Amino acid sequence: MVRLAASFDLSWQERYQDGRALARYPYDVVVHFVYRYGPEKPRDQTVVLEVGCGAGNNLWFAAREGFRVAGIDGSDAAIAYARNRFEEDGLAADLRVGDFTDLPFSSESVDLAIDRAAITCLGLTHAKHAAAEIQRVLRPGGRFLLNPYSTRADSLASGRPGPDGLTLNIRSGALAGMEQILPYDRETIDAVLGEGWRLLSVQHVTFADECDQHFPVHAEWRVVAEKR
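Residues numbered from 1 in each chain as written. Predicted model: local features only at pLDDT ≥ 70, side-chain atom pairs only at ≥ 80, totals over all residues. Heavy atoms only, no water.

Participant: Explain the layout of surface pockets to me, please; I cannot follow it from the model alone.
Facilitator: Summary: where empty space remains is shown by rolling a probe the size of a single water molecule over the atoms. If you add up the space inside the largest pocket, you get close to 580 Å³. Lining the largest pocket are 30 residues, and of these Trp-12, Tyr-16, Ala-21, Arg-116 and Ala-117 lie nearest its centre. At the level of secondary structure, the elements contributing two or more residues to the lining of the largest pocket comprise helix 1 (11-17) and helix 3 (57-64). Taken together, the residues of the lining of the largest pocket break down into 18 nonpolar, six polar and six charged. When its volume is computed, the second largest pocket comes out at roughly 160 Å³. Around the second largest pocket, the lining residues are Val-47, Leu-49, Arg-68, Val-69, Ala-70, Asp-94, Arg-96, Pro-104, Phe-105, Ser-106, Ser-109 and Val-110. For the lining of the second largest pocket, the elements supplying multiple residues, two or more each, are strand 1 (47-51), strand 2 (68-73) and strand 3 (94-97). Across the lining of the second largest pocket, the residue classes break down as seven nonpolar, two polar and three charged. (1 Å grid on protein atoms, 1.4 Å probe; cavity = no way out; pocket = protein on both sides within 12 Å on 5 of 7 lines; lining within 4 Å. Points joined across faces, edges and corners; volume = space filled by probe spheres on them. Helix = DSSP H or I, 4+ residues; strand = E, 2+ residues; numbered from the N terminus. Nonpolar A, V, L, I, M, F, W, Y, C, P; charged D, E, K, R; others polar.)

Laid out in structure tokens, this is it:
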């Protein structure tokens, strides 16, 4: 039995085990990042790493497009599913169970790093460690997509305060069912990233349903940072 990382939200293991979180197709923000910010070199020489890769849906897209891919997740159930899917589709990937705060990859070995709402599930202390590890494994000039949830998301009001900046037990809105979230404002982005980055893009995105005025507003950040 794989020992889950201390920084891992255990509720995700349950979601992957019962199939609730087994997404199969990539998020649009990831597709845009890979095509917009990829380096000028052949795809088979470009390494894409995703922290919190889950069922591998984003990496599956990148692998099909010819990139070399690697991923890490705290859930052994998610990684087992992803490995099986890649094998069935004849795709190569280095997929590992592990801790975002202690990446099992060599320094300066990655061109693009993806966080699609995974680091936002860590408290501030662990999030800083995860960002530092991503910076370590990126090559100079490598790009990092940080995609956390925003303090302006209405769902957060249904949760309760937790340790290290976390909001716990969210019960309504787009984030309903999330057991722990670190909501980000602009200052949190800077605190998590720390030194050694050049910001290429900082977008704040909100989603509201104009046909349902009672539907809570969802909000997130889409940050692209380049390792100096």
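Next comes the rest of the write-up.
Participant: Got a minute to help me understand the sheet that holds strand 8 (residues 180-181) in this structure?
Facilitator: The strands making up a sheet associate through backbone hydrogen bonding, with each pair oriented either parallel or antiparallel. Read from one edge of the open sheet, three strands run 6-7-8, paired in antiparallel fashion. Lying at the two open borders of the sheet, with one neighbouring strand each, are strand 6 (160-161) and strand 8. Pairing between strand 6 and strand 7 (residues 167-168): two bridges, direction antiparallel. Bridge assignment links Pro-161 to a residue of strand 7, and that residue is Thr-167. (Pairing = 2+ DSSP bridges.)

Participant: I would appreciate a short explanation of the packing of aromatic side chains in the present structure.
Facilitator: For any pair of aromatic rings, the description consists of the separation of the ring centres together with the inter-plane angle of the planes. Taken as a whole, this structure holds five aromatic pairs when the rule is applied. Ring centres of Tyr-25 and Trp-60 lie 5.7 Å apart, and the angle between their planes is 80 degrees; on these two criteria the pair is classed as edge-to-face. With Tyr-25 in the loop between helix 1 and helix 2 (28-37) and Trp-60 in helix 3, this residue pair connects regions lying 35 residues apart in the sequence. In this structure Tyr-25 comes out as exposed when scored by relative accessible area, which is 56%. Taking relative accessible area as the criterion, Trp-60 reaches 11% and is therefore assigned buried. (Phe/Tyr/Trp six-rings, centres within 6.5 Å; stacked < 30°, edge-to-face > 60°. Buried < 20%, exposed > 50% of the residue type's maximum accessible area, 1.4 Å probe, protein only.)

Participant: Help me understand helix 6 (residues 186-193), please; the structure alone is not making it clear to me.
Facilitator: Residues spaced three or four apart along an α-helix face the same direction, because each turn holds 3.6 residues. Burial in helix 6 covers these residues: Thr-188, Ile-189, Val-192 and Leu-193. Taken around the axis of helix 6, the buried residues stretch over an arc of 125 degrees, which confines them to a single face. Among the structural elements, helix 5 (124-137), strand 5 (138-147), strand 9 (197-207) and strand 10 (218-227) are those in contact with the buried residues of helix 6. Of the residues flanking the start of helix 6, the one acting as N-cap is Asp-185, its side-chain oxygen 3.2 Å from the backbone nitrogen of Glu-187. The first or second residue beyond helix 6 is Gly-194, which carries a positive phi of 70 degrees. (Arc of directions from axis to C-beta. Contact = heavy atoms within 4.5 Å. Polar contact = N/O pair within 3.5 Å; in protein donor to acceptor, adjacent residues only side chain to side chain.)

Participant: How should helix 3 be read in this particular structure?
Facilitator: Across the eight residues of helix 3, seven count as buried, placing the element largely inside the fold. Looking only at helix 3, the buried set comprises Asn-57, Asn-58, Leu-59, Trp-60, Phe-61, Ala-62 and Ala-63. Gly-66 sits one or two positions beyond helix 3 and adopts a positive phi of about 100 degrees.

Participant: How do you make sense of the packing of helix 5 against helix 6 when you look at a structure like this?
Facilitator: Closest axis-to-axis distance for the helix 5/helix 6 pair is 7 Å, and the angle between their directions is 55 degrees. Taken as axis vectors, helix 5 and helix 6 run oblique relative to one another. Contacts from Leu-124, Ala-127, Lys-128 and Ala-131 of helix 5 reach helix 6 at Thr-188, Ala-191, Val-192 and Leu-193. Here the contact of helix 5 with helix 6 is built from residues that sort into six nonpolar, one polar and one charged. (Axes fitted to C-alpha atoms, helices over the stretch in contact; angles between N-to-C directions. Parallel < 35°, antiparallel > 145°, perpendicular 65-115°, else oblique.)

Participant: Looking at this model, I keep getting lost on the pattern of salt bridges. Mind explaining?
Facilitator: Between side chains of opposite charge, pairing is possible as soon as their charged atoms come close. One pass over the structure, following the stated rule, counts 11 salt bridges. Taking the shortest distance from any N to any O, the salt bridge between Asp-18 and Arg-20 comes out at 2.8 Å. With a shortest N-O distance of 3.0 Å, Arg-222 and Glu-220 are connected by a salt bridge. One network of salt bridges, in which partners are shared, links Lys-41, Asp-111 and Arg-139. (Salt bridge = Lys/Arg side-chain N within 4 Å of Asp/Glu carboxyl O.)

The values are spatial; any link to function lies outside them.
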